Each structure stands twice: as structure tokens, then as C-alpha cells.
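Here's the letter readout for the chains.
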Amino acid sequence: MDALVMFLYDIPLLGLLFQFGGYVISILPTTGPIFLFAAAPIALGSLCGLMNERSGIVNIGIEGMMLTSAFVSAYAASLMVASGATVGGDAPFGASTPLIVGVLAAMIAGMLVSSLHAWLTITIRTDQIISGTIINITALGLTSYLNQILSKASPPNAGTFQPFIVPADIVELPVIGWFINAILNQRPITLSIIVLVIAMQILLFRSRWGLRTRAVGEHPKAAETVGIDVIRLRYRNVILGGIFAGLAGASLALESAGSFQNNMTVGRGFIALAALIFGRWTPLGAFGAAILFTASEALERSIRFVPPPGQLGEIMIGIPLQVYGALPYLITIVVLAGFVGRSTAPAAVGQPYERERRH
Amino acid sequence: MTGPAGEPTNQPVPPAEEAEAVEAADGARAASALRRAWALVVVPLGAVILAMLVGSIVILASQVFIGVEIDPTLPLVAYWAMISGGLGSFNGIVETMVQATPLVLAGLAVGVGFKAGLFNIGAQGQFLMGALAAAYVGGQLRDQPALVAVSLAVAAGAFGGLVYGFIPGALKALTGAHEVVTTIMLNFVAISISSYFVSGPLRAPRSPFAQTLDVGNAELIVLFGRNGHVGIFFALLAVPIIWWLLWRAKLGFEIRTVGANPDAARFAGMRPRRLIALTMALCGMLAGLAGSGEILGRVGHLTAPYATNVGFDAITVALLGRANPVGILFSALLLGMMKAGAGQMQIQAGIPVEIVDVIQGLILLFLAAEIIVRRLFRIREARVGLEELATVTRSYGERSA
Amino acid sequence: TGGGTPAPATPAPVTPAPVTPAPATPEPKVWKIGVVTDVGTLDDKNFNQFSWEGAQKGAAAIGGEATAIVTVASADYDKNVQSFVDQKFDIIVTIGFALADATAKAAKLNPTVQFIGVDQAPCLTGAGDPDPTFTDCSGDMATLLPNFQGLVFAEQEPGYLAGIAAASITTKKVIGAIGGAAFIPPVVRYIKGYINGAHSVDPTIQVKVAYVSDDLGKAFNDPAGGKAFATQFIQQNGVDVLFQVAGKTGNGVLAAACDANIYGVGVDVDQHESTPETAKCTVTSAEKKLSIAVEQAIMRVGDGSAKGGIIGNDAKNDGIGLSKYYEFESMFSSDAQAKIQAAFDGFKAGTTDPCAPANCTDPFE
Amino acid sequence: MTGSEHVAAPALEMRGITKRYPGVLANDRIDLDVRPGEIHGLLGENGAGKSTLMNILYGLAVPDEGAVLLDGQEVQIDSPADAIRRGISMVHQHFMLVPVLSVADNILLGEETMANAIFLDRTEAHRRIDELAQRFGFEIDPEAPVGSLSVGSQQRVEILKALYREARILVLDEPTAVLTPQETKEIFAVLRRLAQEGHSIVFISHKLYEVLEIADRITVIRRGRVVGTTTPAETDEEQLAEMMVGREVQLTVDRGESSPGEAVLKVDNLVVRNERGRETVHRVSFEVRAGEILGVAGVAGNGQDELVGAITGLRRVASGTVTLGGSDVTGHSPRAMHEAGLAHVPGDRHRFGMVMSFPLTDNLVLTDYYRAPFARGPVRDEAAVAEAAIGLIERFDVRTPSPFAAGSTLSGGNQQKLVVAREFSGDVRLLVLDQPTRGLDVGSIEFIHRQALAKRDGGTAILLVSAELDEVLELSDRIAVMYRGEIVAVVDGRTAVKEDIGLLMATGGRDRDGSPATGPGPASTTGSVA
Ligand SMILES: Nc1ncnc2c1ncn2[C@@H]1O[C@H](COP(=O)(O)OP(=O)(O)OP(=O)(O)O)[C@@H](O)[C@H]1O
Ligand SMILES: Nc1ncnc2c1ncn2[C@@H]1O[C@H](COP(=O)(O)OP(=O)(O)OP(=O)(O)O)[C@@H](O)[C@H]1O
Ligand SMILES: [Mg+2]
Ligand SMILES: [Mg+2]
């Protein structure tokens, strides 16, 4: 066995690939659990983008939506604590009242910001990219502004959700134990992403809502002529999409720190957009892309923490760390450019839909 | 030869303008130019006013949040401090111009893109690459004669931006990859690139922190006031040059045609793909110039985390200026004033500096929802927006170019 | 320049600088104190915040008001300092090494204004100008810029103490430290001191070190990212004590430590108190008393005793220290506690060098 | 024909419908009634207002005045959903299909078969579609993505979509425009059967003979007004044409004698592919001589667009050669073609012909902006542009308040005149006219036709591509018939018989079992005038 491995590793060039494969497998158990945690806000952001773009609305404002939700969730939770609600407790996931209120508030905030996007793009028919830009700029400014003002009063911290603890005998299972642990040893919003992605995938391709949404995103006029209310469907999808952005924000604020920091999304909303494109506008694809992006980050760290041995190690350490940091963005460009399979947006994305209405 | 003169079709309802139709061509041209200019200015102006109003509501409301007693004059104090900080003294005015300089150039980088039907969200990255190239060349030539050092460093900055703008342009031209997404991604990549070079190969020897070598003689000389560096004139010059390019030069005609109707451009024998790549390169060059101006005129070196928001402010500037070079100049001055006065505002009113971003976002919001502005100010002027934006978004969902 | 042990206090400045008004003024003077932050926010649980708190306390102590300008762009340092000068402020506090040159320039141009630079030890030429090439650092700040107090901190000292603490409670003999970004000198000093401290207890202890990112947002402002980073760090390196030097990203690091049931060591302030959500695994914190240092510098201006030059904050003036252990007290054996005390006393006496064997300044060697 | 002549309350009645668009009165107090079981033909020129009227019925447009009555009851139809609920279905003039969705999904969209409240029942959907297709004798794969189907099959999907909804009132807006005669026959059979089952059908077409064949009654609209309603028994093509156009139709125009010179354009074995990579022009060869008009007749979608694109440089040539004035210009850019003496009036003037937001001046130099006198070096000469533009506007009688007005302010006819003015001016060796009079009124058509003939007489070679057979017959010296990407015949324009050409267009000169038809002229690919 070892001889075989050695043989494979020594093949010129191809051997490097085997070494790389071996390295990846060797680090999986230790890096696996963070994939999902780090990917969840991104994948949730992608689902928000999906709800928009599948129904024909460009959304580059995911970042701003997430940021607003993160702020609102932290602030709402903090208000609850200040008004005397109990923190901690024995509820599953440590879900105290403030935390639950925080999540709900984040979802509402996400929907509110999305409503603005919907109104601007659907009713006002303003340029959809500009609408997203407005949301990003205003969200960053407003949350930072308010955070600055509110932090003067040192608002109390609501704490964070707690992870689900996988029973030790399951974690100890050979081969799959780590995998089960990687998936299940998570906080509630992170855990929910698995359910949400699968549900969205099925709904998009198997349900009436999904069929209609796809039709509206590809050819709204055709949808209108078979009696589908394009405007209403777009409104509904864009606003509901805000829920996902809200969850993403809540995950950032209430699953890691329990508080808000200015610009705490640090570009995750854009990575979410990238994942959506990379995943070809499907929930599973976007989720996979989010995992891939976080995996590439994890790989970068891994190379620093436990460099691979031998020739591969020399090469990988030789590569500037910044290359790994830039990888998700580069991959997205490559995919979008069609160098490795093309990814095209729903046909009607970006075009405002106009219909005559009785006044 | 019988024309269709006597053949009314579909009994056209005579439009009101038809009555005053036949005027001398020149007169009509002048009048319509004036009307167009007014139509161009009135909505942005209204949007700025509304944004300031809503901004003051935000300031007032935030007092409620923290439970201090409400001071209704606070917004006035804040705005007054901001305006007097930016315009109230000679030094303030110079600072406004210094702040406006990169905004003009980067605003043009976004605005020229709009004219070609391209949404250049990548001015930020192009700015950084320009800054990096200028810092590198400036640092290398720090002991050369000033003229040589400055011109080469500026050229390097322009070139750095140009290359970085060309990449998404060429990608769009060759593969149809939409520039909105690629430039967003490239902005992040630019952070990695500059951080790699500044903390690695280009790090100044003996420097305790990650920064490049000081640019020495490549520094832009200060012509007036405390810091009125010569870069201000680059920006001021760029405005008429770009205006001339867009409205008087063949290339500008081609750029505008591609922006307004890429198919017609192809029909007319232009080469849309080449023009797209070229325009993005030009945009990148302008943003790169902005970056070199900041490094050579203000900072003297590039630091590893280089905090700036120029690329995103540029979007506001370009939209507020309606992609018109003159409009961009004035929008940049407005934003420059807000930035120059922001310090004063923080000192005198204690308002967090982020209110500037809030106002910026609100300006864009009211520009986008101009219907609100029209209703409130009772403006009836026809929509004079950025038609080319239609090309931008249309292409988002289109199969490749 | 940027670090090491501070220069010993030099004698009184020669330059006659009628800096502070005569104490005989009948009306109590209301001091105007301006604070220019580094890029970031006022509540960054880091430099900006603690310096700002110190400025406020100092203002209260000498009868004045403190006002802050938050810097948003790297090109704006000069402008923001100048804003306070223009507004005729008496004392201007600038925060962060990146503002050193801007502050030095302003101090030279405005000899009647008092400047306090946090974490600043500018490289001055003989003429008193900052040398951007770091070649001629011959200028003596104390004489050239008597109105400029450069506050520097011996982060390596609390780092060293934290290292001893960590080494005393590790069972695996593998401990870790996570810094925000490798190019921020104070961060590096903390960590180098930590390594040296740990090795002073047991040279065989492995100290794993990693820096989060080159992107400042991710390095110091991203708790979720910090948590992911630290989780993996803990998993792959098998550390059982983890020292965070990464601002708010570091709060995520502590959260990861708590989740992984290992011990965390806080930074800058007593994090057991300041971030209660991770108190349950924060055994102690490496403190540098930024707030007090700034407050004292302002008070020196207030009572007219301020002298220019670099003012070190270290064990000698109790400018650094290790926080209380709270419920973890029992984990630290009396032997361990004695070692920590001995190191502290060694710093005071100049017999213990926190910068040996690992050099404190450059993370890139 | 089949109509049932019993007198019943009209299934559909539209009363005094008026609809204004900016500058156009699209419908002017239109009355229309359709009886149960009736096929009602709706005739009118382009832009007469037929689609507008039907869009109002279907809830896609809102009338300014007037009422819609179903079975004598006044109803308000606000949206297509309303219309569908009331039993109205419509096959639109332009495909309303989602290309990436399957046939089944397209047909069921809006009326989905559900397994439960949320999920679709695909098996049931297939069953129903198969059943429906069988009932009407259509062959269709429910799983195929619609985008991969031929135009004819797509039209069948459209019709199935309408049939699936079991509407009482079925509107078909030019359903036959893209169909072959065989396909048309199939659909006519379906329509007759539906009528017999009691459905009311509104059938829109430009093609007089089709309407005469299928309709029970015929209503003619002209410029937004009803000219009259008649029955096939009472009328004939001539009379209908006169009603449509508003004056006696001149079937022959004095086109004068042509004196063809040497060949200017030679196309040899040209192969072109469409956007999806399908070969839509197969080894086509022909030539156009100086001073002659070669008309290309054919049902839309038989490769004409690709042919024109390849000749004008807008499309890539897969193989074969294009020779202009003796030199090989295969694959040359539009600019190179233009410089070699080609002018082109494009079929889609909004897409290619002009830039709507630009002033007329710029639009008038769109293809010549780059050279003297409109530019010197890299600089444009605005004065020269304005001067030339003002001259052209006058010469071609483009109606505009100012030469600096935006192109979008012109009416359709004037927009086309602007394009014509630009392309007809200057020294043109080869003029490609693609649907030059689509959507224009009679006056404009006449003007453009005269200009084209004048150009021909000046020695220009003209390639005329038009879906209007009458136009081709009226102008061409020779007529090439295009069918499924091939030129199946070239005949003399003066002696050509309309019916024969129509048959060639429909069948390619082969009858159904593929044997050569006894059409006029040999089906050679390099024909010359007999
Ligand atoms: N949405 C619209 N906005 C403005 N004008 C319109 C609109 N729709 C139609 N028109 C105008 O109304 C008139 C009638 O158009 P309509 O489409 O009803 O004609 P049609 O008889 O169906 O012609 P065709 O045979 O070409 O289909 C035309 O002048 C057209 O330009
Ligand atoms: N689909 C449309 N959308 C918007 N405006 C339209 C549309 N169709 C026509 N118009 C406008 O309506 C006006 C009249 O158009 P139309 O083409 O019906 O003119 P017309 O009187 O028929 O002239 P012509 O004989 O030259 O075609 C023009 O100003 C035109 O811009
Ligand atoms: Mg029609
Ligand atoms: Mg017309």
C-alpha cells in the first residue's frame, strides 16, 4: 500500500496531483467542520440572490442586505437583553428569547431592504445594478453610523447560539464519524442551510412556484400571457429572498460574536453572488460553490498550519498566500468567462418588466 | 415624386411640441441644449437636497435611539460645519479640491464606462493597481530628477490601471463575461495583489510596517495652499479632454454608439468588442491616474492595508453627474466638499463620519427613484437619464457578446 | 524604531516651549482635546477605543472636552490632524503607528499645540522631519519635538507573561497564538513575547502562530471569519491554549476556543470582563494599559510637566500587565504565578529580556 | 365553408374600442362581434391595429374607451389571467414560449397539473399533453426543450397551449406567418373542428386567400377603424385588398426597362450557420448584376436573415465565397464591405439601422462618420455632419422638427426614410434591401420603391429580400426563391406568376413525396434569366 502510494507520488507532475489529493484527504477531518459554518452565510446570501435573479432581478445588493440584517439582529437581541429577557438557559442550541427575537428581526430587516430593492427595480424600474449599489452604500453607511451612535451606550451582549453536540460514539465512528460531526456539530442557522438548500432545489425544479419563477425569469411576457402576475411574483420572490439575507446576517452576528461590527460582512455578499454564478443559478450549485470557496480558504490555512510534506509542500508554500485568498474570485471569473463551462444568467435578468395597468 | 405628405396614417394625435416644430435649426439647437442642461441638472439637485433632508432626519432620529434629549438644530450645526469646513476658508477650499481630485478621475472612469454601456464597478481595483504601480516606479526613481521621476511614476500609475481595466474589458469582449461581476471580483483580487507586493517584494527596507519606499522626487509638487498639489490640474484637465473625446472625437462617437446600441455600432462598421476592451482600458487608466495622484500627491507611499473608498464614491459621482464630464466634475466637488468638511462636522457636531456615506446612498436613492424628486419639486421635464444603462443590464442576462 | 524597549527618559527639554498657559490664569481653562483615530471605528475594542477612553478620562481629569475624528481613508491622516489644528485645539492625540509621520510633521509646524501619539516612535532626521526612508533616524524626538509625546508599549512584555501563563496550563505542550495581520508591529511584538515567555518555562513547548489575513477587515473586524480560522487552527495544530491578538476577529478566536473546550488568552484589556460571552474560557489577558497611558499623557500636559519624546509604557511604570485569573485562579500553580511575577520584576529591573531569543520586531524572518 | 348560420347572441362583442398610443390612434371606435362557432377573420395592413384590439381583449392592453361583452354580458378584463378565466385564449403574433423550458412546462405554465398543493404532477401532465396532441394529430415530444424545436413545431406548441386551456374564444394572431402551406392546412383543419365544437375563433392574417379560405366572416380594419365586415361569399381578394389599403390597389407598377451590366455581387456555394450553430444557408450560389434588382422571395425563417448577414459582413461565413465587384470579400467586416461599395437597409431598423437616442444628424452619418468630410484624423467635423444631414433630410423628405431631434421622435415611416436616405446616398455599387417597407404606409412604400428603381436605373446592383411576395414581384427583374436555406429557383420577374412562386416558397418546388414539382423554371441553383 505504502509502496503504491510512494510510486504514485513520484510520477512527474501527475504525482503532484496524487500528493495533492492525499493531502486534501488527510486534512479533511480537521477542516471539514468549518466548511459548513463558514459557507452558511455565503450560501444563504446566494439563496437570496437566487430568489431575485431566477425571477429576473439582478441583485448585487446582497452584501448590504446581509449587513443590515446583521446589525438589526444584534441590536434587537441586545434590546431584549436590556429589557430584562434572560440570556442563556437550557433550550436547544442555547436559543434564548433575545437570540430568537434577533433572528426574527434579521429576517424582517432583510425583507424590508428587499422590499426597497423590489420597489426600485419592479415598480420604479430603476436600473437593477444601481439599486443594488444604493443598498450596499446606504447599508454600510447607515449601520456604521447607527452602530457608532448606539455603542456609546455600551449595549449588552446577547451571546450566541450554541452548537449541536454530536454524541461521542457517533463522532468516533470510523470513516464517517468525522463527516457526520462536520455536518451536525453546528449552530442552528448554519444547520438550517442544508434543509433550505435541498428544499429550494426541489421547490425550484419541482413545484408550481418554481416553474413560474423560472418562466418569469426567462420570458416574463410569456408568463404574463398565461395568466401569471409577473409583477406580483417578482415582488414576492424578491421580498422573500430577503429572509435568506436576513438569516445570513443573523448567522454572522449571532453565531459567532453576539454583536455587530461595522462592515462585518467583509465582502461575503459578493462572494455569495459569485457562488450563485459559479453554481449556475441553482441552490445546490450555489451551495457547492460556497463550500468550494470556503474549502479553498481552509486549504490556504491548512497549508500554513500543517504544510504538506515533500515536493508538493515546497510548491504550495512557495505560492504567496494571497493567491489562495484571491482564488474564489479568480475561479468565478474563469467560470463566468466560460473557460471551463459557461454559466449564463436567466435570460430576462436585468430587464425591467412593463405592463399596462388600468388606472 | 409624391411624398407621403397628404397621407395621414392612423390619424396621429398631434403632439403638443409639433406646433412649435419648425424653427431655425440653430435656434432649436441652442434652446434644446439649454433645456437639456436644465433637465440634466434639476433632478440631481433635487436629489441632493432631499438626501440632505432625510439625512437630517436620520441625525435627529438617532438621538432618540440613544435617549439623549433631542437637539433640533443638530443637523443644521452638522451641515453648517461640513460646508464651512469644506468651503469656509482658503485651506478648506484647497482641501475640497484635493479630495475631489481622485473622485473626478475615478468618476470619469465610471462615467466613460457608462457611455459605452459598461458598468465599471472596478474603479476601486484599478485605483489600487494604479497606486501600486505609481508607488513602485516612484520609489525606484525617488532620486532621479523630479520631472523624470514624476512623469514616469504617473505614467506607470496610468498604465497599471489601464492593464487592470483592460482585463475585464477583454473578458467581456472575448467571452461575454459581464463586467459587473468580473470587476467586483477583481476588486478583491486587487487587494490581494497589492498586499502581496507591499508586504513582500516592494516593502521598503528598514520600514517597521508594510509600506513601499517613499516616492521622494516623484512627489507631486504643491502649487498652492497647504496641499494643493499639481494632481488637481490632471483632474481639471481630464474633464475637457474626456468631454472632447466623447463629443468631438471619432472614438467618442464610437464609444457612445456602442453604449447606446451595440448592434447598430456593428452595422456601422465599428468593432464593439474592441471598443469595449479599449473603453475599459481607458476607464482603468483614469482610475489608475487617480491612484497615482493619491500616492504621489498625498501619501508618498503605498501601505499594505490601503484604506480608500474612491472606487465606490466614483459610482456616486458618475451617477450624480449623469456620466457627463462636467457633471462629474461638479459631483466630485460636492462629494469632495463633504469629505473635506467631514472632520469639522465630527468636531463641531459630534456626528459620526459615516453620515457622509448615508447621504451618498440617499442621493443615489433619490436619483434612482427620481419620480419622488419630480413629484416633490413638481418637475415635468422628460426623463433625461442614462440610456446606456439599459445596455448594461440588458447584457447581464444575454448569452455571450 | 517601532518597538523594543523604550528610550530612557531624557532630561528636561532645552527648547523653550511656552506650551501650556501659565497656571495662574484665573478662569479655569477648558482644554480642547482632539483625537484622530486610525482607519476603523471608535469602538474597535482595540487601539482606537482604549485611546479614546483614555482621552476622555484625561479630559475629565484636567477639565476639558475630548472630540474625535475617525479616519476613513489612508490618505486623510494629515487632513484630520490639521482639522484639529485649524480649530485651535490644545491637545491632539493621534492613534496608531500609521499616523506617526503626520503627527511629527504637525508637531514641528505647530509648536504651540501638544501632540500625543499612541504607538508612535517616528524616525526623525536631525532636522526634526520624519524620514520616510527610515535611513536617518538620528533626530532626538525629545529635543526636536518637545510638544510631541510618543507613547510606545512594550507589548512583548505582557505577551511574555501570557506565554508563561499558557505554558503553565498546557497539557499537550502545544500552545497557539493568532494575530490579525503580520504587518502590524504591536501584534507581532505581543506574539514574539508570547513565544519567548512560553519557551522560558519549557523550551520544548511548541508555539503555533498564525496571522489571519492581509485584509484589515478580515484581520481585525470579522469575528465570524476569526472563528472559522481559529476552529481550524485548533483542530489542525492541536493546541490547548490560544492567545488572540486580532481585535474583533480575535473575539471570534476566543469563541472558537470556548467551543473547542480549550483555554483562551485575551489581549489589550481584561477580556474576561470586556467580552463576557467568552469569559468561560478566558483564563487571563495580556494587558497593555493604553487608556491609562493616554490619560496620564494628557494629565502631564494639564499640569505642565509634559516633555516631548518617546515614553515607554512597560513594567517599569505598570503600563502593562497580566489580568486576573478569576475562576481559573486554581489552575495556576503557585510556581507558575511566581514565574509570572518574577518575569514582571525582571522587566522592571531590566534583567529579563522579553525579546529573546525570538526577535520582537520583524514577523518576516 | 363550414360556418353555422344560425343567429345567436354573439359569443364576443367589442363595442367602440378606442386605444391611443403616444402619437397614434391604434384603435378608433372599433366594433367587432364574433358568434358562437364562428371563425372570424380579422384583416388589416401592418399597424392597422389588429394586435392592439386583441391585446385589449386579452387584458394585455387597456382601452381608453369602449366595452367588451361576452355572451351579452359586459365584462372588464384587466389581465391575461382574467381573460383565461373567462375562457379566452390567444396565440400571440410573437412566440410566447420560454425556450429553456420543456414543451410540457410551456403548455402547462399557469394551468399546472398538481400532485398536491405545492408540487407538480409531471406524469399527469405528459398524459394530458399526449392525449391532446393525439386528438389534434400533432406529433410532439413533451420533454423536448422548446428552444430546440423548429419554428413550425414551436407554433404547434403555442396552439396546443391555447387548446389545453379549452377556451371558448380562441384568438390567433398571424399564426400562419411562419408556417408552410402544409402546416397551415393542418392548423386549418384543427380550427374547423374547434369551430364545429362550438368554439369562437378570431383569425388574424395579412394573407387574403387564407382568410377567404377559413373565415366565416371577415372584418377589415384600416388605420385603427373598421372598414367593414363581409363574408367570403360576398367578396374577393381584390375587394378585400382595396378595403385594407383604402384605395384601388395597383398590381403593376411601371418599373421601366432594366439594362443589366456585369455581375457586381457573386455568391458561390455560401454556407452560413445561425446563432445556435445550425446550418441555415446551404451552398447557395447566385449573382446580382449592375442595374438589376434580384428579389429573394421566401417564407420568413428560410435562411434569408443569415444570407443577408453573410453578404453584409454582419455574420460569419462558414464556407463559400462572396465576391463584390470582382474582389473576394468573404468574411470581410461591415466596414470593409461598406468601403467596397455596399449599402444595406437592414430588416430590423431599430436594432441595426439607427441609434434611437442619437440625433438625426449622427444617425445620417452612422456608416460614414469616420471619413472625410465628417471626420479629419481622429476629430469629427460637426458642421460637415449637420450640413450633410440637413441636405439628406430635405432630399428624402424626412419629417422632423429639427435635424438635432433624437431618432426616437420620428414615426416609423420616417425612421425608415432616414435609413434609406443614408444608405441610398453616395456611390453605391450593391444595395441590400432587407424588408425595406415592413410596417410602412402606402405613401412611404411607394416613395421607397421609386427610390430603389431610380438607384437601379443609375446602375446599382440591388438585392431585395422581402417576405412580402407582392413587393418582390413588383420590383424584381429576377426572383430567387429561397426554401429551407437553398435557392430552389430563379425566375424572370416580369413573367413570374404569383401562384407559382407561392408554391415554390411553400414546397421548394417538390411536392410532398419529394419529387420535383412542375413549377416554372428549373430548380437550378445558379439560374439566369431564361
Ligand atoms: N405598446 C405600444 N406603444 C405605442 N404604440 C403602440 C404600441 N403597440 C402598438 N402601437 C402602435 O399601434 C399601432 C397599431 O399596432 P398593432 O400592433 O395593433 O398593429 P397590427 O395591426 O397588429 O400590425 P401588424 O400586422 O404589423 O401586426 C401601430 O402604429 C403601433 O406602432
Ligand atoms: N411602439 C411604439 N412605441 C412608442 N412610440 C411609438 C410606437 N409606435 C409609434 N410610436 C410613436 O408614435 C408616433 C407615430 O408613429 P407611427 O409610426 O404610427 O406614425 P405614422 O403616422 O404612421 O407615420 P409613418 O407614416 O411615417 O409611419 C411617432 O412619434 C412614434 O415615435
Ligand atoms: Mg399585429
Ligand atoms: Mg406608421
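Now for a quick tour of the structure. (Residues numbered from 1 in each chain as written. Chains lettered and ligands numbered in written order. Predicted model: local features only at pLDDT ≥ 70, side-chain atom pairs only at ≥ 80, totals over all residues. Heavy atoms only, no water.)

Right, let's talk about the state of the cysteines for a bit. Residues and elements named next belong to chain C. Taken as a whole and assessed by the stated rule, the structure comprises three disulfides over all chains. Cys123 shares a disulfide with Cys137; S-S distance 1.9 Å. Between Cys123 and Cys137, the S-S torsion sits near -95°, and that sign places the bridge as left-handed. One end of the pair, Cys123, is in the loop between β4 (114-118) and α4 (141-144); the other, Cys137, is in the loop between β4 and α4, with 14 residues separating them in the sequence. Among the residues examined, Cys137 registers a relative accessible area of 32% and is labelled partly exposed. Between the sulfur atoms of Cys355 and its disulfide mate Cys360 the distance is 1.8 Å. Taking the sign of the S-S torsion, about -110° here, the bridge from Cys355 to Cys360 comes out left-handed. Residue classification places Cys360 among the buried residues on the basis of a relative accessible area of 2%. Taking only the cysteines that form disulfides and numbering them from first to last, chain C has the pattern 1-2, 3-4, 5-6. (Disulfide = S-S within 2.5 Å. Helix = DSSP H or I, 4+ residues; strand = E, 2+ residues; numbered from the N terminus. Buried < 20%, exposed > 50% of the residue type's maximum accessible area, 1.4 Å probe, protein only.)

To continue, consider the interface of chain B and chain A. Contact residues are listed per partner, giving 51 residues for chain B and 52 residues for chain A. Carbon and sulfur atoms supply 78% of the area buried between chain B and chain A, which totals about 4300 Å² over both sides. The interface formed by chain B and chain A holds three residue pairs in polar contact (both at pLDDT 80 or more) in total. If you list the elements that add at least two residues to the side of chain B that touches chain A, you get α2 (25-66), α6 (146-175), α7 (179-199), α12 (310-320), α14 (355-368), α15 (370-377) and α16 (388-394) of chain B. The element contributing the most residues to the side of chain B that touches chain A is α7(B), with 12 residues. Its residues placed into classes, the side of chain B that touches chain A shows 33 nonpolar, 14 polar and four charged. (Contact = heavy atoms within 4.5 Å. Buried area = accessible area lost by both parts, 1.4 Å probe. Polar contact = N/O pair within 3.5 Å; in protein donor to acceptor, adjacent residues only side chain to side chain. Nonpolar A, V, L, I, M, F, W, Y, C, P; charged D, E, K, R; others polar.)

Residues and elements named next belong to chain C. Among the six residues of strand β9 (residues 263-268), five are classified as buried, and the element is accordingly described as predominantly covered. In this structure, strand β8 (residues 241-245) lies alongside β9, joined through three bridges in parallel fashion. The residue of β9 that forms the bridge with Val241 is Tyr263. Since β8 and β9 lie parallel, the crossover through helix α9 (residues 247-259) that links them has a hand, and here it is right-handed. Both β9 and strand β10 (residues 282-288) contribute to a ladder of five bridges, which runs parallel. Residue pairing across strands places Gly266 opposite Ser285, the latter belonging to β10. (Pairing = 2+ DSSP bridges. Right-handed = clockwise from strand over helix to strand, strands pointing away.)

Another point: the environment of Phe136(D). Residue and element names in this part refer to chain D. Tracing the backbone shows Phe136 in the loop between α4 (122-135) and α5 (151-164). Once the C-alpha coordinates of Phe136 and Leu194 are considered, the two residues, 58 residues apart in sequence, prove to be 9.9 Å apart. Once you skip the residues sitting within four places of it in the chain, Phe136 turns out to touch Leu163, Val190, Arg193 and Leu194.

Quick look at the site of ligand 1 now. Neighbouring ligand 1 are 15 residues; Gly47(D), Lys50(D), Ser51(D), Thr52(D) and Gln93(D) lie closest to it. More than one chain lines the surroundings of ligand 1; the residues nearby belong to chains B and D. Ala48(D) is positioned such that a nitrogen or oxygen atom in its backbone is 3.1 Å from an oxygen atom of ligand 1. Between Gln93(D) and ligand 1, the recorded distance is 2.8 Å, taken from a side-chain N or O atom to an oxygen atom. Look at ligand 1: alone it shows 630 Å² of surface, and the protein chains cover 65% of it. Taken together, the elements giving at least two residues each to the shell around ligand 1 come down to β2 (24-34) and α1 (50-57) of chain D. It is α1(D) that contributes the most residues to the shell around ligand 1, three residues altogether. Looking at the shell around ligand 1, its residues break down into four nonpolar, eight polar and three charged. (Near = heavy atom within 4 Å. Areas by Shrake-Rupley, 256 points an atom, 1.4 Å probe, with all protein chains shown as cover.)

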